[in-house]
Amino acid sequence: MIKRIGSAVIGAVIIAAVSLFVLRSPIFYLIHPGQESMQYIGETEFPSYASTIAKKDGSLVIVSNPDSLLVLVNKDRRLPDFYTPPDLVIPNVRFSYNGDKEKMQMRKEAAKELEKLFQAADREGVYLFAVSAFRSYERQKALHTMYQKQEGEAVTAVSSAIPGTSEHQTGLAVDVSAQSSRFQLETSFGKTKEGKWLVEHAHEYGFIIRYPEDKTAVTGYMYEPWHIRYVGNPHADYLFKRRLTLEEAMPK
Ligand SMILES: [Zn+2]
């Protein structure tokens, strides 16, 4: 009798040990793809809103992590005055124009991944063109003032960023277009072969479509299928699979 209880206990211990091993191994995630999210937690941490505020500036806050690849800059959160990214380079990709070198620049890691993204698109016969990447504080200020004069306050408020609040100043964002969109930044780009390819593949190279059509209330921006933002991976992959914007992924 004691012997039988003994073997039952040993058996139970073995079963428990095996289950624990299987549950913690990659095999479990292969068999249960729905549980994949469990693997992500921890690996994919986003800095919180509260931990990335340097100080308040009227109705806005100034971010404390402007050099972070995960920096959140939007209508409520701006970069420090005259911030310039530390490692700007010009990516070796097709541009829709020649000349103005300033706006061809991006942070080094983002530039390297943009090159890979363009090469992957090329291999599938999808020809993307970079239009505008880095934009300095001074340049954004000049553009914003010009739009206010030409388009008026209301239109400018939803289409152009107040100086210091443009993602282009981080060196992590780039506007892309294609010949089928006449190299313009228009919502119709989202319907083109190139725009559709970008939606499906940008995350593989660490980029996100920053202002999706169904998230205008969250981002505060109109749909911009041309504006991609580098966040790196696994973060871009995480956002893509869950259809989340940066704002939604960051803890408060
Ligand atoms: Zn843009």
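Residues numbered from 1 in each chain as written. Predicted model: local features only at pLDDT ≥ 70, side-chain atom pairs only at ≥ 80, totals over all residues.

Peer 1: Whenever I open this one, the pairing of strand β7 (residues 173-177) confuses me. Can you help?
Peer 2: One face of the sheet, then the other: side chains in a regular strand alternate in exactly this way. By the criterion of burial, β7 is predominantly enclosed, with 5 of the 5 residues buried. Bridge analysis of strand β6 (residues 129-132) against β7 gives 3 bridges, and the strand direction is antiparallel. When the bridges of β7 are listed, Ser-132 appears paired with Asp-175. As judged from the 3 bridges shared by β7 and strand β9 (residues 224-230), these two strands associate in the antiparallel manner. In the sheet register, Val-174 faces β9, and the bridge partner there is Ile-228. (Buried ≥ 20, exposed ≤ 12 C-beta atoms within 10 Å, placed from the backbone. Helix = DSSP H or I, 4+ residues; strand = E, 2+ residues; numbered from the N terminus. Pairing = 2+ DSSP bridges.)

Peer 1: I'm lost on the environment of Ala-54 in this one. Help?
Peer 2: Assignment of secondary structure puts Ala-54 in strand β1 (residues 53-57). Separated by 25 residues in sequence, Ala-54 and Leu-79 place their C-alpha atoms 9.8 Å apart. Non-local contacts of Ala-54, meaning those with residues more than four positions away in its chain, are made with Ile-62, Val-63 and Ser-64. (Contact = placed C-beta atoms within 7 Å.)

Peer 1: Explain the sheet that holds strand β2 (residues 60-63) to me, please; I cannot follow it from the model alone.
Peer 2: One key point about sheets: their strands pair by backbone hydrogen bonds, in either a parallel or an antiparallel sense. Taken together, the 3 strands give an open sheet; going across it, the order is β1-β2-β3, and neighbouring strands pair in mixed fashion. The two strands at the open ends of the sheet, each matched to only one other strand, are β1 and β3 (77-78). One ladder, built from 2 bridges, connects β2 with β3; its direction is parallel. Residue pairing for β3: Ile-62 is matched across the bridge by Arg-78.

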